[in-house]
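Secondary and tertiary structure notes
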Amino acid sequence: MLSYEESLKILKETEALLEGHFILSSGLHSKHYVQCAKLLSYPKKAEIVCASLCENIKKNFSKIDVILSPAIGGIVVGYEVGRQLGVKTIFAERENDQMILRRGFEMKENSNVLIVEDVITTGKSVLECSELIKANKSKLIGYSCIIDRSNKDTLIKDKIVSLIKLKIETYKSDNLPEELKKTQPIKPGSRNLYK
């Protein structure tokens, strides 16, 4: 399994860990932004990272029938984890501001479902996916991601199995550090992509 330092090195090499002034999906500002799509654009590095995540998943979950990922960020990670574990993989996508299953995706009743995401921060998207699992009379066995950015304020109260946990400082717009006040923020997330 990759160490924290090895994982961080890959994130920096692939420019998946960005520095600047960012507005996160939560509306908070940060000096750092994790853009896993950059990591995932390097298939061999993504395979290595996901293999290490799979080792951690196997240590924590015994029977997985389905992997469910939220679109857009979780699709590639979910696919690669499913491929490596030999598990059916599906994704949920947003329609009318609500996560739904489309494209004929389904979960059989009583399936053991693992939610896999690229990055978990607030937990909003994965919790929406957990509601889909309940609605399909299946069982949520847990949450997994490459990068766990959650903190004590996360909406998820269950354990998150991740490759790496990053603590990234966030700020309200009325309490920005001087260096962030001097730079124009960018909003790189996908949550409001279609608004």
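The present account deals with the structure reproduced in this document. (Residues numbered from 1 in each chain as written. Predicted model: local features only at pLDDT ≥ 70, side-chain atom pairs only at ≥ 80, totals over all residues. Heavy atoms only, no water.)

Glycine aside, residues mostly have negative phi angles, and peptide bonds mostly take the trans form. Of note, the amide linkage connecting Ala71 to Ile72 takes the cis form, showing an omega dihedral of 5°. Despite not being glycine, Asp97 has its phi angle at roughly 65°, a positive value. Relative to the helices and strands, Asp97 is located in the loop between β4 (88-95) and β5 (98-101). Backbone geometry places Asn110, a non-glycine residue, at a positive phi of 65°. With respect to the helices and strands, Asn110 occurs in the loop between β5 and β6 (112-120). (Helix = DSSP H or I, 4+ residues; strand = E, 2+ residues; numbered from the N terminus.)

Once that is clear, we can look at the environment of Lys165. Secondary-structure assignment places Lys165 in strand β8 (residues 160-165). Spatially, the C-alpha atom of Lys165 lies 27 Å from that of Thr183, the residues being 18 residues apart in sequence. Dropping the residues within four chain positions of it, Lys165 is found in contact with Tyr4, Asp148 and Ser150. (Contact = heavy atoms within 4.5 Å.)

Of all hydrophobic cores here, the largest spans 32 residues; its most connected members are Leu11, Val81, Ile146, Ile147 and Leu166. The set of elements that each furnish at least two residues to this core consists of α1 (4-13), α2 (36-40), α3 (43-60), α4 (74-85), β6, β7 (139-148) and β8. The leading source of residues in this core is α3, at 6 residues. Those residues in contact with Ile147 that lie beyond four places of it in its chain are Leu11, Val34, Cys36, Asp118, Val119, Ile120, Ile164 and Leu166. Ranked by size, the runner-up nonpolar core spans 18 residues in total, among them Met107, Ile115, Cys145 and Ile156. (Core = buried A, V, L, I, M, F, W, Y, C linked by side-chain atoms within 4.5 Å. Buried < 20%, exposed > 50% of the residue type's maximum accessible area, 1.4 Å probe, protein only.)

Within the open sheet, the 6 strands sit side by side as β5-β4-β3-β6-β7-β8. Their pairing is mixed. Every other strand in the sheet has two partners, leaving β5 and β8 as the edge strands with one partner each. Averaged over all pairs of adjacent strands, the angle between strand axes in this sheet comes to 25°, irrespective of strand direction. Pairing analysis gives 3 bridges linking strand β3 (residues 66-70) to β6, with the strands arranged parallel. By the bridge assignment for β6, Ile67 is matched with Leu114. Packing of α3 onto the sheet brings it into contact with β6, β7 and β8, and relative to β8 it is tilted by some 145°. Against the sheet, helix α5 (residues 124-135) touches β3, β4, β5, β6 and β7, its axis set at about 165° to β6. (Pairing = 2+ DSSP bridges. Axes fitted to C-alpha atoms, helices over the stretch in contact; angles between N-to-C directions.)

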